[in-house]
Amino acid sequence: MKLIKAVRGTKDIFGDDGIKYDYVTRAAQEFFSNYGYTMIKTPIFEETDLFKRGVGEGTDIVEKEMYTFKDRGERSITLRPEGTAAVVRCYLENKIYAKEETSRFFYAGSMFRYERPQAGRQREFNQIGVEVLGESSPILDAEVIAMGFSFLDKIGITDLEVTINSVGEKETRVRYRESLLSFLEPIKEELCEDCKMRMEKNPLRVLDCKVEKCKTLTADAPIITDSLSQEEKEHYETVKKYLTIFQVKYKEDPRLVRGLDYYSSTVYEIVTNKLGSQGTVLGGGRYDNLLKQLGDKEIPAFGFAAGVERIMMLLGDEFPKRDLDIYVAWLGDETKEFAFKLANDLRLDGKTVAIDYNTKAMKAHMKKADKVGAKNVVIIGDEEMNKGVVMLKDFINRTQEEIKVEDLKKILK
Ligand code: HAM
């Protein structure tokens, strides 16, 4: 019989990777909660129009990467390629803006993009992300950038670079687009085929091209920060000032344009040089126009998302493995019920406990305890049980002592 395998571009997460995934997402949730973020869970699929209108028709995501299908009721459904549009949809639909001035959301979950799979790039991948709605202060931009950076630093990911840029408001981009197109027109024929297409749809993305010839040809292209209005410049300056206050080193990259259409003003990425071409660990920015586009509301917003698989690759073996506090070894059928009750009590008391269903012999128990990495072994024999005591073996220091059952919990604390 042919064994069915996971679909290309998807990956099972289990064993040490399962522990690592759990560690990253829990650490993020805990860290971000100090800043006031609470969990949001939106559906994995949405109406296709949400992403067309939200992420933008001209983007790679909407044009060629979405998992779109008709459901049994003939509705066009899309597996979410990212989290921001859905959070905004939920915010508008539930009129959350009428209930609180500023909302701070955290999410973790899988996203779907039909991309060419390679190391660090999958078709189903996981993101952790945050979205803040209802605040326009540039201090927020800096605070969120610093929060993402500090989180990565805290869990042990170093050698990261923060790159920032401002892409201004729509009018600025229209103005800039014109000056960029006047620069590109005379060299159009020398650009790669993709760039020729980009010139039609989204000329800003020409600056993002990875082809060496295109990079050289556009080296002297006008930069967007020169087109910013006075107000946009001030916003950008304040973001930079507060990044310095929050002690985040950053690099300005006037060519940084992100792959989603909803951004305005601040955009940024946190990159590493340790993951080859898939070096962007985290990306985000301000999207003050998205709420207008999706719900006709003038509500400012800012957020980011980070790829969990990329974070996991960078962590390598540097993450806290699960500690097993106790292995309970029982040495005969008479002790079985007592042992399982004790194991259950210890688990209810918050200890991680392993116990085997069939093993009865001391030697076999010790082998198993060693294999599962137990810190302590509680040995229960007939005699001990009748006396109301157990043998507690410290597996790390290799010492052992007889103790009363009622003292066990205290000692293990
Ligand atoms: P994004 O840059 O498309 O932004 O994705 C954010 C992160 O998700 C990337 O930096 C990367 O680490 C990870 N990622 C993206 N595609 C893949 C893939 N195919 N395989 C593995 N990891 C991947 C967004 O999604 C925006 N929603 C971020 C945001 C939130 N902006 C404002 N708020």
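As a starting point, this report considers the structure included with it.

Cut-offs used in this document
Residues numbered from 1 in each chain as written. Predicted model: local features only at pLDDT ≥ 70, side-chain atom pairs only at ≥ 80, totals over all residues. Heavy atoms only, no water. Helix = DSSP H or I, 4+ residues; strand = E, 2+ residues; numbered from the N terminus. Rg over C-alpha atoms; globule rule 2.2 N^0.38 Å. Buried < 20%, exposed > 50% of the residue type's maximum accessible area, 1.4 Å probe, protein only. Contact = heavy atoms within 4.5 Å. Areas by Shrake-Rupley, 256 points an atom, 1.4 Å probe, with all protein chains shown as cover. Lys, Arg positive; Asp, Glu negative; His and termini not counted. Charge placed at Lys NZ, Arg CZ, Asp CG, Glu CD. Pairing = 2+ DSSP bridges. Disulfide = S-S within 2.5 Å. Salt bridge = Lys/Arg side-chain N within 4 Å of Asp/Glu carboxyl O. Expected span 1.5 Å × (residues − 1). Axes fitted to C-alpha atoms, helices over the stretch in contact; angles between N-to-C directions. Left-handed = near helix turned anticlockwise from the far one by under 90°. Nonpolar A, V, L, I, M, F, W, Y, C, P; charged D, E, K, R; others polar. Core = buried A, V, L, I, M, F, W, Y, C linked by side-chain atoms within 4.5 Å. 1 Å grid on protein atoms, 1.4 Å probe; cavity = no way out; pocket = protein on both sides within 12 Å on 5 of 7 lines; lining within 4 Å. Points joined across faces, edges and corners; volume = space filled by probe spheres on them.

1. A short note on the overall build of the protein chain
Alright, step 1. Helix and strand counts for the protein chain stand at 15 helices and 16 strands.
Alright, step 2. Relative to the compact-globule value of 22 Å for 413 residues, the protein chain shows a C-alpha radius of gyration of 27 Å, a clear excess of over 25%.
Alright, step 3. Based on the C-alpha atoms only, the size of the protein chain along its principal axes is roughly 90 × 55 × 45 Å.
Alright, step 4. Counting the 413 residues in the protein chain, one finds 49% classified as buried.
Alright, step 5. When contacts within the protein chain are restricted to residue pairs at least 6 apart in sequence, long-range pairs at least 24 apart make up 69% of them.
Alright, step 6. Carbon and sulfur atoms make up 49% of the accessible area of the protein chain, which amounts to about 22,000 Å² in all.
Alright, step 7. Distance between charge centroids for the protein chain: 4 Å, based on 66 positive and 71 negative side chains.

2. Observations regarding the sheet that holds strand E9 (residues 266-272)
Alright, step 1. What the 8 strands build is an open sheet, ordered E1-E5-E6-E11-E10-E9-E7-E8; its pairing is mixed. The open sheet has two edge strands, strand E1 (38-39) and strand E8 (250-252), and neither has a second partner.
Alright, step 2. By the bridge criterion, 2 bridges tie E1 to strand E5 (residues 103-112) in an arrangement that is parallel. Across the sheet, the residue bridging to Thr38 is Phe105, located in E5.

3. A word on the state of the cysteines
Alright, step 1. Tallied over the full model, the rule gives 0 disulfides.
Alright, step 2. Unpaired in this structure, Cys192 has its nearest cysteine sulfur neighbour in Cys195, at a distance of 3.7 Å.
Alright, step 3. Cys192 gets classed as buried once you look at its relative accessible area, which sits at 19%.
Alright, step 4. Left unpaired, Cys209 is separated from the closest cysteine sulfur, that of Cys195, by 3.6 Å.
Alright, step 5. Among the residues examined, Cys209 registers a relative accessible area of 7% and is labelled buried.

4. Quick word on the environment of Phe31
Alright, step 1. With respect to the secondary-structure elements, Phe31 resides in helix H1 (residues 16-33).
Alright, step 2. Among all residues touching Phe31, those that are not within four sequence positions of it are Met147, Ser150, Phe151 and Lys154.

5. A closer look at the pattern of salt bridges
Opposite charge on two side chains makes pairing possible when the charged atoms of those side chains draw close.
Alright, step 1. One pass over the structure, following the stated rule, counts 29 salt bridges.
Alright, step 2. Between Glu161 and Lys251 there is a salt bridge, with the nearest N and O atoms lying 3.7 Å from each other. Of this pair, Glu161 sits in strand E7 (residues 160-166) while Lys251 sits in strand E8, placing them 90 residues apart in sequence.
Alright, step 3. For Glu161, a relative accessible area of 35% puts it in the partly exposed group.
Alright, step 4. On the basis of relative accessibility, which here comes to 40%, the residue Lys251 falls in the partly exposed class.
Alright, step 5. Each of Glu46, Arg89 and Glu93 takes part in salt bridges that share partners, so that together they form one network.

6. A look at helix H6 (residues 170-184)
Alright, step 1. In a regular helix each residue adds 1.5 Å, so 15 residues correspond to 21 Å; H6 covers 20 Å between its end C-alpha atoms and thus fits that length.
Alright, step 2. Residues of H6 that are buried in the fold lie against helix H7 (193-201) and helix H9 (230-245).

7. Let's talk about the pairing of strand E6 (residues 124-133)
Alright, step 1. Of all 10 residues in E6, 9 are buried, a share of seventy percent or more.
Alright, step 2. Bridge count between E5 and E6: 10 bridges; the pairing is antiparallel. Looking at the pairing, Phe112 lines up with Glu124 of E6.

8. Some words on the packing of helix H12 (residues 333-348) against helix H15 (residues 405-412)
Alright, step 1. As a packed pair, H12 and H15 sit with axes 12 Å apart at the nearest point and diverge in direction by 35 degrees. Of the two possible hands of crossing, H12 and H15 adopt the one that is right-handed. Side by side, H12 and H15 meet where Phe338, Leu342, Asp345 and Leu346 of the first sit next to Val405, Leu408, Lys409 and Leu412 of the second.
Alright, step 2. The class makeup of the residues in the contact of H12 with H15 is 6 nonpolar, no polar and 2 charged.

9. Let's talk about the sheet that holds strand E4 (residues 76-79)
Alright, step 1. One open sheet accounts for 3 strands, arranged E2-E4-E3; its pairing is antiparallel. Edge positions in the sheet fall to strand E2 (45-47) and strand E3 (67-70), since each has one partner strand and no second. Mean inter-strand twist for the sheet, computed between neighbouring axes without regard to direction, equals 35 degrees.
Alright, step 2. Sheet topology places E3 next to E4; 4 bridges connect them, and they run antiparallel. Along E4, the bridge assignment pairs Thr68 with Thr78.

10. Concerning the nonpolar core
Alright, step 1. The biggest cluster of nonpolar side chains holds 50 residues, and the ones touching the most others in it are Val88, Leu133 and Leu291.
Alright, step 2. Per-element tally for this core: the top contributor is helix H4 (residues 84-93), with 7 residues.
Alright, step 3. When sequence neighbours within four positions are dropped, the list of residues in contact with Val88 reads Leu133, Tyr287, Leu290, Leu291 and Leu294.
Alright, step 4. In terms of nonpolar packing, the next biggest core, distinct from the first, is built from 43 residues, Tyr37, Val130, Ile155 and Tyr236 among them.

11. Some words on the layout of surface pockets
Alright, step 1. The calculated volume of the second largest pocket comes to roughly 610 Å³.
Alright, step 2. Around the second largest pocket, the lining comprises 26 residues; the ones closest to its centre are Lys170, Arg173, Asp261, Tyr262 and Tyr263.
Alright, step 3. At the level of elements, helix H2 (48-54), H6 and helix H10 (290-295) are the ones that each hand at least two residues to the lining of the second largest pocket.
Alright, step 4. Ranked by residue count, the leading element in the lining of the second largest pocket is H6, at 5 residues.
Alright, step 5. Here the residues of the lining of the second largest pocket are counted per class, giving 9 nonpolar, 4 polar and 13 charged.

Nothing here speaks to function; it is geometry throughout.
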